[in-house]
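Chain residues, written in single-letter form:
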Amino acid sequence: MSTVLPDPRPLTGEPLALDLLNTRWVAEGSAHDLLTDTDGLAVWLGANGLADRFAADATTLRHTLGARDALRAAVAGAPGAAEAVDAVLGHGRIRATLTAEGPGERPEFADPAWGPAWLAARGYLELLTAAPDRIRGCAHETCVLHFFDTSRNGTRRWCSMATCGNRAKASRHYARSKEV
C-alpha cells in the first residue's frame, strides 16, 4: 500500500485548470515541479478529489503534462494554444443524464487515462465562460503561479498576500527608505 505524500505547493485550492498550472512553482529562487513522477501525480489527484476516479500511472501523467503545457500556452495567449487545448478536449465528452435530482451531466472518456487532463481543459473553458479577465498570473516578478480572482472588486494581484504580496510591499518600503 502506497502512502500519498503531503502537497508541497504554496498555492492550492484554485479551480482545476489553474491548480494544474500551479504544479510548477518557484520557491527561494528554485524551480519546483510536482509532476515529475507518478507520486507527484497522486498528490495532485488527491488534492483535487480525483484519486478515487483515476490511476496515478505513467500514461495518466503523460496526458496530464500535455494538458498542463496546453493550458500554460492558452493562459499566455501563445499561437496554437487553442488547438492544443482542443486536442486534449477531443479525448472526452459530456453526456447528458437524468439523475434523481434532475438533469445532469457526466464526463465520458474513451481512455480513463485522459480523465484528469480532460477535466482540467474543460475547467479552463468554464473559467473563460464565467470571467476570462479574472484568470490571473501573480504580479510578483519571480512568481509563476496562477489564480482565479474572486475578490469583490476584481483587483487581486498576488497569488498570496502573505507571501508574494508581502514581499512586494516590503521591497517597495525598502526602496523608499533607501532613497531618504
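Our subject is the structure that appears above.
Read on for a plain summary of the structure. Once a new chain begins, its residue numbering starts again from 1 and follows that chain's sequence as written. Only residues with pLDDT of at least 70 get local features here, since the model is predicted, and only at 80 or more are side-chain atom pairs given and counted; chain-wide, interface and lining totals rely on the full set of residues. Based on all heavy atoms of the structure, the side-chain values leave hydrogens and waters out of the count.

## A few points about the overall build of the protein
So, step 1. Helix and strand definitions here come from DSSP, where helices need a minimum of 4 consecutive H or I residues and strands a minimum of 2 consecutive E residues; each element is numbered from the N-terminal end. A count of helical and extended segments in the protein gives 6 helices and 6 strands.
So, step 2. If you list the helices and strands of the protein from N to C, you get α-β-β-α-α-α-β-β-α-β-β-α.
So, step 3. Each of the 180 residues in the protein was classed as buried or not, and the buried ones make up 38%.
So, step 4. A separation of at least 24 residues holds for 48% of the contacts in the protein among residues at least 6 apart in sequence.
So, step 5. Of the roughly 10,400 Å² of accessible surface on the protein, 54% is carried by carbon and sulfur atoms. Burial here depends on accessible area, computed with a 1.4 Å probe over protein chains only, as a share of the maximum for the residue type. Under 20% is buried, over 50% is exposed, and the range in between is partly exposed. Contacts are residue-level and defined by heavy atoms, with any inter-residue pair within 4.5 Å sufficient. Per-residue and other accessible areas were derived by the Shrake-Rupley procedure at a 1.4 Å probe size, with only the shown protein chains allowed to occlude residues.

## Overview of the pairing of strand β1 (residues 24–27)
So, step 1. Strands qualify as paired when DSSP identifies two bridges or more between them. Pairing analysis gives 4 bridges linking β1 to strand β2 (residues 30–33), with the strands arranged antiparallel. Opposite V26, over in β2, you have A31 as the bridge partner.
So, step 2. Hairpin connection from β1 to β2: 2 residues lie between these consecutive antiparallel strands, with E28 at a positive phi of about 55°.

## Notes on helix α2 (residues 38–47)
So, step 1. For α2, every residue scored as buried is listed here: G40, L41, V43, W44 and L45.
So, step 2. Residues of α2 that are buried make contact with α1 (16–21), α3 (58–76) and α5 (115–130).
So, step 3. N-cap assignment for α2: the residue whose side-chain oxygen lies 3.2 Å from the backbone N of D39 is D37.
So, step 4. The first or second residue beyond α2 is G49, which carries a positive phi of 70°. Identification of polar contacts relies on pairs of N or O atoms within 3.5 Å, with a donor-acceptor requirement for protein atoms, meaning one able to donate a hydrogen and the other able to accept it, and with residues adjacent in sequence counted only if both atoms are side-chain atoms.

## Some details on the pairing of strand β3 (residues 92–99)
So, step 1. Note: β3 against strand β4 (residues 102–109), 8 bridges, orientation antiparallel. From the neighbouring strand, I94 faces β4, where its bridge partner is P107.
So, step 2. Turn length for the β3-β4 hairpin, with the two strands adjacent in sequence and antiparallel, is 2 residues.

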